[in-house]
Each structure stands twice: as structure tokens, then as C-alpha cells.
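Close look at the chain arrangement
Okay, here's what each chain looks like letter by letter:
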Amino acid sequence: MGYLFLSLALAAGITKGYCGKKTSYAIVSNSDSMIMNLLRMLICVLVGLILTVAQDGFFALKPDAFAIFAAALSGIASAAFVVSWLLSIRTGAYMMVEVFLLLGVIVTVVLCRIFFGEAIGAWQIVGMVILVAAVYIMTAYNSSVKGRMSISALVLLMICGLSYGISDFSQKLFTNNRPNGSVAAFNLYTYVFAALALVAAYFIFRKVDKRSGTQVRSPLAVIKPIWYFVLIMAVCLFANSFFKTRAALHLDAVMLYPLNQGCAVVLSLLMSSILFKEKINAKCIIGICLSFVALLMINLLK
């Protein structure tokens, strides 16, 4: 069942990625990104509320303190991830951003080793080192496609990878400590906290944009041209998180998250080449191949 849930999460994730790339063209300022992602989170809250009540009943809407803590960690990390991801794909190659998320996988696996004692074998450590090498090669690929990467772009990618890893870890934190808890309710409160974080971030970045002279538009002006993409992204975002959390009930982190991101990278490669017409050169192929080899080592060797 774990692999079935993972397949559903991947399908939702690649659909979300396509819509995210399309909406990135409509983003003018940082505050635009905040308001667009805030709307996504509010839609996710609505979807989560309906699913929680339908699947687990009204009682599931009253989680305990630990579930709220895990959801808060997940929500804040998710807010940081969706914003940094969207800003990253505006300035970098789509494949560069996706491969960089492999660093987030390492964060998740290491945290699960520290907190849950999930074993990491010698070959798996080698595999994670190869993943780092793949990310380095993909950085060179990004430079050949988009030009030399700035320090700010690199920092943004680091935030993207780190927040992605913490978000995934929070799913394992919940499933390990509340194996019979409501996954739908956990995801519902994840997006409640994410929405709250984005509200605060929106007002902060709106002031920053005004001071810097960046064009500041009303929320309606930002959303109106791309509302249908935002709606699809919101539903797929919830589905991706929901099914990945369900998969975490059946698979260890050292298998689930590397496999998830590895498959996502392959799917993203096909999408970026076919739909976005991104140039795929030798560095990109080498980076992808190294990632694939590393994932085989992590999942098949002990």
C-alpha cells in the first residue's frame, strides 16, 4: 500500500509542479508570491476540513497537543517551501530546483535517524554523498542554462531544500507518534498554520516591496489571471501531502523520501524538456544519472 500511496502523491506532485511553473510567470513581486500561496493554503484548509469530517468525523477536528505541534512544524516549513520554490523557479531552471530538493531528502533521513532510530547503512550513506555530487553538477547545469547563480539564488535554494526536508520529517514525526491519528486532520492543521505564516509574511514583504519601489498589486489583480492554476495547485498540494503522509505509515524514511524525490526528478525531467522546452545538456543527464544511481543504492543496498 505504501508504494500505491506514493504513486498517487507523485501524480499530484508533478501536476502541481506544472501549474506552479505556469503561475511563476505571473509573479511580479515577493508579495505576489505570498498572496498566491496564501490562497492555495486557504483552499487546502477547505479541502482538508471536508475530507477530515467525511473520513474521520467531527471528533478528529480536536487533535491533541502533540498533533498540533507536529502540524505547526509542518505548516511553517510548508509555507517556507512553497514560497522559496516558486521564487526559485522564476530565476532558475526547473530541473535545478527539483534536483536541489534532494538535499532536503538527506535532512529528512538524518532527522529520522536521530529521533526515531531508523537505520542508515553504509551504502545508503554513500548514496547520499552521491546525491550531493549530483546537486553540485546540476548547479553547473543551471549556470549553463540561466547564467551564473547569484548568492541570493543559492540561499533561496538552500531554504527550499531545508524546508522541504523539515516538512517531510514532520510527517514521519506525526505518523510515528500517532500511528492511529487522523492523517486528514494533520494535513488540515498543517495548512491552517501555513496560511497563518503566509498572512504575516504577506504584510512584511508588501512593505519591503513598497520601500524598494517594486510594483505592488492588489490580491485580486494577482490572482484573477491565474486562479484556475492556483485551484489545481491547491488540490494537488493537499493530495501530495495527504498521500505521502499515508505512505509514511508503511515505508521507512530512508526508502520513502529518496524514492519519492528520485521519481519526481525523472518525471520533472520529462516535463521540463517536453512542456517547458528547457535545454537538457550533458551535465543535466549526468546529474540525473548520478541521482538515479544514488537512489538505487539507498533503496536496494544496506
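Refer to the structure printed above.
The paragraphs below set out a description of the structure included in this document. The structure presented is a predicted model; accordingly, all values stated were derived computationally and were not measured. (Residues numbered from 1 in each chain as written. Predicted model: local features only at pLDDT ≥ 70, side-chain atom pairs only at ≥ 80, totals over all residues. Heavy atoms only, no water.)

1. Focus: a nonpolar patch on the surface
Under the convention used in this document: Like charges within 9 Å and nonpolar side chains (Val, Leu, Ile, Met, Phe, Trp, Tyr) within 5 Å are joined into patches, using only residues over 30% in relative accessible area that form no salt bridge. With residues, only the protein chains shown are counted as cover, and all accessible areas are computed by Shrake-Rupley using a 1.4 Å probe. Only one rule defines a salt bridge in this text: a Lys or Arg side-chain nitrogen within 4 Å of an Asp or Glu carboxyl oxygen. A run of H or I in DSSP becomes a helix once it reaches four residues, and a run of E becomes a strand once it reaches two; helices and strands are each numbered from the N terminus.
A grouping of Val266, Leu267, Leu270, Ile274, Phe292 and Leu296 is seen on the molecular surface, where their side chains present a nonpolar patch of about 520 Å² in accessible area. Contributing elements (two or more residues each) for the nonpolar patch: helix H11 (253–274) and helix H12 (282–300). Relative to the assigned elements, phenylalanine 292 resides in helix H12.

2. A word on the packing of aromatic side chains
Here is the rule we go by: Only Phe, Tyr and Trp rings take part, Trp by its six-membered ring, and two of them pair if their centres are within 6.5 Å. Stacked means planes under 30 degrees apart, edge-to-face means over 60, and tilted covers everything else. Classification of residues uses two cut-offs on accessible area relative to the type maximum, computed with a 1.4 Å probe and protein chains only: under 20% is buried, over 50% is exposed, and between them is partly exposed.
Tallied over the entire structure, the rule returns twelve aromatic pairs. An angle of 15° between the planes, with centres 6.2 Å apart, marks the rings of phenylalanine 238 and phenylalanine 242 as stacked. Of this pair, phenylalanine 238 and phenylalanine 242 both sit in helix H10 (residues 227–248), four residues apart, roughly one helical turn. Residue phenylalanine 238 shares its accessibility class with phenylalanine 242, and that shared class is buried.

3. With respect to empty space enclosed by the protein
Cut-off, in case you're wondering: Cavity means a closed set of points on a 1 Å grid over the protein atoms alone, one where a 1.4 Å probe fits but cannot get out, pocket means an open set with protein on both sides within 12 Å along at least 5 of 7 lines, and lining means a residue has an atom within 4 Å of a point. Grid points are joined across faces, edges and corners, and a volume is the space filled by probe spheres set on the points. Each residue gets one of three labels, nonpolar for Ala, Val, Leu, Ile, Met, Phe, Trp, Tyr, Cys and Pro, charged for Asp, Glu, Lys and Arg, and polar for the others, Gly among them.
Taken as a whole, this structure holds two cavities of 30 Å³ or more when the rule is applied. Counted as a void, the largest cavity has a volume near 350 Å³. Forming the walls of the largest cavity are 28 residues, and the residues nearest its centre are Lys16, Phe81, Tyr164, Asn240 and Lys244. Of all the elements in the fold, those that place two or more residues in the lining of the largest cavity are helix H1 (2–24), helix H3 (65–91), helix H4 (94–100), helix H7 (151–177), H10 and H11. Per element, the largest residue contribution to the lining of the largest cavity is six residues, and it comes from H1. For the lining of the largest cavity, the class distribution of residues is 14 nonpolar, ten polar and four charged. Roughly 40 Å³ of internal volume is contained in the second largest cavity.

4. Observations concerning the pattern of salt bridges
Under the definition given, this model contains three salt bridges. Between arginine 217 and aspartate 32 there is a salt bridge whose closest N-O contact spans 2.7 Å. Of this pair, arginine 217 sits in the loop between helix H8 (183–212) and helix H9 (219–223) while aspartate 32 sits in helix H2 (residues 30–56), placing them 185 residues apart in sequence. A salt bridge links aspartate 168 to lysine 244; the nearest nitrogen and oxygen atoms lie 3.0 Å apart. Of this pair, aspartate 168 sits in helix H7 while lysine 244 sits in helix H10; the two residues are 76 residues apart in sequence, bridging distant segments of the chain. An identical accessibility class is assigned to aspartate 168 and lysine 244; each is buried.

5. Side note on the nonpolar core
As a reminder of what qualifies: Residue types Ala, Val, Leu, Ile, Met, Phe, Trp, Tyr and Cys, when buried and joined through side-chain atoms within 4.5 Å, form a set referred to as a nonpolar core. Whether two residues touch is decided by their heavy atoms; if any such pair falls within 4.5 Å, the residues are in contact.
Core analysis: the biggest nonpolar cluster contains 75 residues, and Met36, Met41, Phe81, Trp85, Tyr191, Leu198 and Leu256 have the highest contact counts within it. Discounting residues that sit within four places of it in the chain, leucine 256 has contacts with Leu6, Lys244, Ala247, Ala248 and Leu251. Core analysis: the second largest hydrophobic core is formed by five residues, Met138, Val265, Leu269 and Ile288 among them.

6. Some words on the packing of H8 against H10
Here is the rule we go by: Here the axes come from fitting lines to C-alpha atoms, over the contacting stretch only for helices, and the angles between their N-to-C directions go from 0 to 180 degrees. Orientation labels follow simple angle bins: below 35 degrees gives roughly parallel, above 145 gives roughly antiparallel, 65 to 115 gives roughly perpendicular, and whatever is left gives oblique. Crossings are assigned a handedness: left-handed for a near helix turned anticlockwise from the far helix by less than a right angle, right-handed for a clockwise turn.
Put simply, H8 and H10 touch, their axes get as near as 10 Å, and they point 135° apart. One element, H8, and the other, H10, form an angle in the oblique class. Judged by the sense of rotation from one axis to the other, the crossing of H8 with H10 is right-handed. Seen from H8, the contacting residues are Val183, Ala184, Phe186, Asn187, Leu188 and Tyr191; seen from H10, they are Leu237, Phe238, Ser241, Phe242, Thr245 and Arg246. Looking at the contact of H8 with H10 residue by residue, the classes come out as eight nonpolar, three polar and one charged.

7. Remarks on the side chain of asparagine 240
Heads up, the condition is: Residues adjacent in sequence count toward polar contacts only when both atoms are side-chain atoms; beyond that, a polar contact is any pair of N or O atoms within 3.5 Å, and within protein one must be able to donate a hydrogen and the other to accept it.
The residue asparagine 240 is located in helix H10 in this model. Only 2.7 Å separates the side chain of asparagine 240 from the backbone oxygen of alanine 9, close enough to count as a polar contact. Among residues more than four places away in sequence, those in contact with asparagine 240 are Ala9, Leu10, Ala12 and Gly13.

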